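# Coordinate inspection notes
Now for the letters of each chain:
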Amino acid sequence: MIIPLYVLALVFLVPVAGVGIMGALKSKQLFAYGGAFSAFLATAVFWGGFALILLTTWSMLAGVDWTTPLLDLSVFLSPPV
């Protein structure tokens, strides 16, 4: 059984999607019901940081071969010779 490297990408994608969804809900509530200038400023800083982290991650992982095996468990499952 071989576990490919893209499994780590899926594990990373779940919390990133959660943060993005929660941020979108917070932004929707902020713009729907209004708020102080500091709340709008904090939301803009949040989205700027979120975009910066996503772009940095994308650029750093551009050269990764995602088909490389992360774990090769076939060695443990084969009988000894």
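### With respect to the layout of surface pockets
Space left empty within the atom packing is revealed by a probe, the size of a water molecule, rolled over the atoms. Taken as a whole, the largest pocket encloses approximately 310 Å³ of empty space. Surrounding the largest pocket, Leu8, Ala9, Phe12, Leu13, Val16, Leu54, Thr57, Trp58, Leu61, Ala62 and Trp66 form its lining. Of all the elements in the fold, those that place two or more residues in the lining of the largest pocket are α1 (6–33) and α2 (37–60). A total of 5 residues in the lining of the largest pocket trace back to one element, the largest contributor, which is α1.

### Structural notes on α1
Between its first and last C-alpha, α1 extends 40 Å over 28 residues, near the 40 Å set by a 1.5 Å rise per residue. Each element contacted by the buried residues of α1 is listed here: α2. Following α1 by one or two positions, glycine 34 has its phi on the positive side, about 80°.

### Looking at the confidence of the model for the protein
Averaged over all residues, the pLDDT of the protein equals 89, while 99% of them reach at least 70. When pLDDT is averaged over each helix and strand of the protein, the minimum, 74, is found for helix α3 (residues 74–77) and the maximum, 95, for α2.

### Remarks on the packing of aromatic side chains
Enumeration according to the criterion identifies 4 aromatic pairs in this entry. For the ring pair phenylalanine 31 and phenylalanine 40, a centre distance of 5.2 Å and an interplane angle of 45° mean the geometry is tilted. Residue class for phenylalanine 40 comes out partly exposed when judged on its relative accessible area of 29%. Seen from their ring centres, tryptophan 47 and phenylalanine 50 are 5.5 Å apart, and the 85° between their planes marks the pair as edge-to-face. Note that tryptophan 47 and phenylalanine 50 are positioned in helix α2 at a spacing of 3 residues, about one turn of the helix. The exposure class of phenylalanine 50 is buried, given its relative accessible area of 18%. Feature note: the residues Phe46, Trp47 and Phe50 constitute an aromatic cluster, connected by ring pairs.

Here is what the cut-offs are and how they apply
Residues numbered from 1 in each chain as written. Predicted model: local features only at pLDDT ≥ 70, side-chain atom pairs only at ≥ 80, totals over all residues. Heavy atoms only, no water. 1 Å grid on protein atoms, 1.4 Å probe; cavity = no way out; pocket = protein on both sides within 12 Å on 5 of 7 lines; lining within 4 Å. Points joined across faces, edges and corners; volume = space filled by probe spheres on them. Helix = DSSP H or I, 4+ residues; strand = E, 2+ residues; numbered from the N terminus. Expected span 1.5 Å × (residues − 1). Contact = heavy atoms within 4.5 Å. pLDDT = per-residue confidence, 0-100. Phe/Tyr/Trp six-rings, centres within 6.5 Å; stacked < 30°, edge-to-face > 60°. Buried < 20%, exposed > 50% of the residue type's maximum accessible area, 1.4 Å probe, protein only.

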